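Architecture at a glance
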Amino acid sequence: MINIKPTIKAALDAVSTNVNDSYPAGWATFPVIQYIEEDNSTWEKTDNTEQKAYIRYKIDIWNKASTSAAALAVDNAIAGLGFVRTLSVDTPDPSGLKHKVMRYEAVIDVNDMYVYNP
């Protein structure tokens, strides 16, 4: 298992000052971005040792107006790490805020952190 949360957080911090790895507590600064590691599982194992890990992240963006600019910036940041976007969808939000859900995935070599596309 590998921990790439600090890498994901750093990439998202370049996009917004309100980035959270749990449901956001503060709604004063927009866009609000939440990232969640949805999967971190063994992709390849040899000699009883994990060699590659499958990683999937879900990123939620909320904004008072359009989420398009933030979504483009998020996509640029996360795709720049080698991840592939597998979902980008506008989601109705009862709060009246604009809400976009995005998913990214990659297979990462746990020894040298080389990123593969699944």
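Here we summarise the structure given alongside this text. Here the structure is a predicted model, which means the values were calculated and not measured.

Turning our eyes to something else, we now look at the pattern of salt bridges. Enumeration according to the criterion identifies eight salt bridges in this entry. Note that glutamate 38 and arginine 56 form a salt bridge whose closest N and O atoms lie 3.0 Å from each other. Of the two residues, glutamate 38 sits in strand β2 (residues 32-46) while arginine 56 sits in strand β3 (residues 49-63), which places them 18 residues apart along the sequence. Owing to a relative accessible area of 30%, glutamate 38 belongs among the partly exposed residues under this scheme.

Here we come to unusual backbone geometry. Put simply, phenylalanine 30 and proline 31 share a cis peptide bond, and its omega is 0°. Take proline 31: it is sitting in the loop between β1 (18-20) and β2. With a phi close to 60°, asparagine 48 is a non-glycine residue in the positive phi region. Secondary-structure assignment places asparagine 48 in the loop between β2 and β3. With relative accessibility at 72%, the residue asparagine 48 sits in the exposed group. Of note, the phi angle at methionine 113 is positive, near 60°, even though the residue is not glycine.

A few words on the nonpolar core. Ranked by internal contacts, the top residues of the largest apolar core, which has 24 residues, are Leu12, Ile59, Val74, Ile78 and Phe83. Among the secondary structure elements, those contributing two or more residues to this core are α1 (5-13), β2, β3, α2 (68-79) and β5 (98-109). Residues within four places of isoleucine 78 in sequence aside, it is in contact with Ile8, Ala11, Leu12, Ile59, Phe83 and Tyr104.

To continue, consider α1. What α1 keeps buried is the set Ile8, Ala11 and Leu12. On an axial view of α1, the arc spanned by its buried residues comes to 95°, and they lie on one face. Packing partners of the buried residues in α1 comprise β1, β2, β3 and α2.

Before going further, it helps to examine the pairing of β3. Summarising burial for β3: 13 of the 15 residues are buried, a large majority. Pairing analysis gives 13 bridges linking β2 to β3, with the strands arranged antiparallel. Bridging across to β3, isoleucine 36 finds its partner in lysine 58. Hairpin remark: β2 followed by β3, antiparallel, with two residues in the connecting loop; positive phi at aspartate 47, about 50°. As judged from the twelve bridges shared by β3 and β5, these two strands associate in the antiparallel manner. Paired with lysine 58 across the bridge in β5 is arginine 103.

Conventions and cut-offs
Residues numbered from 1 in each chain as written. Predicted model: local features only at pLDDT ≥ 70, side-chain atom pairs only at ≥ 80, totals over all residues. Heavy atoms only, no water. Salt bridge = Lys/Arg side-chain N within 4 Å of Asp/Glu carboxyl O. Helix = DSSP H or I, 4+ residues; strand = E, 2+ residues; numbered from the N terminus. Buried < 20%, exposed > 50% of the residue type's maximum accessible area, 1.4 Å probe, protein only. Core = buried A, V, L, I, M, F, W, Y, C linked by side-chain atoms within 4.5 Å. Contact = heavy atoms within 4.5 Å. Arc of directions from axis to C-beta. Pairing = 2+ DSSP bridges.

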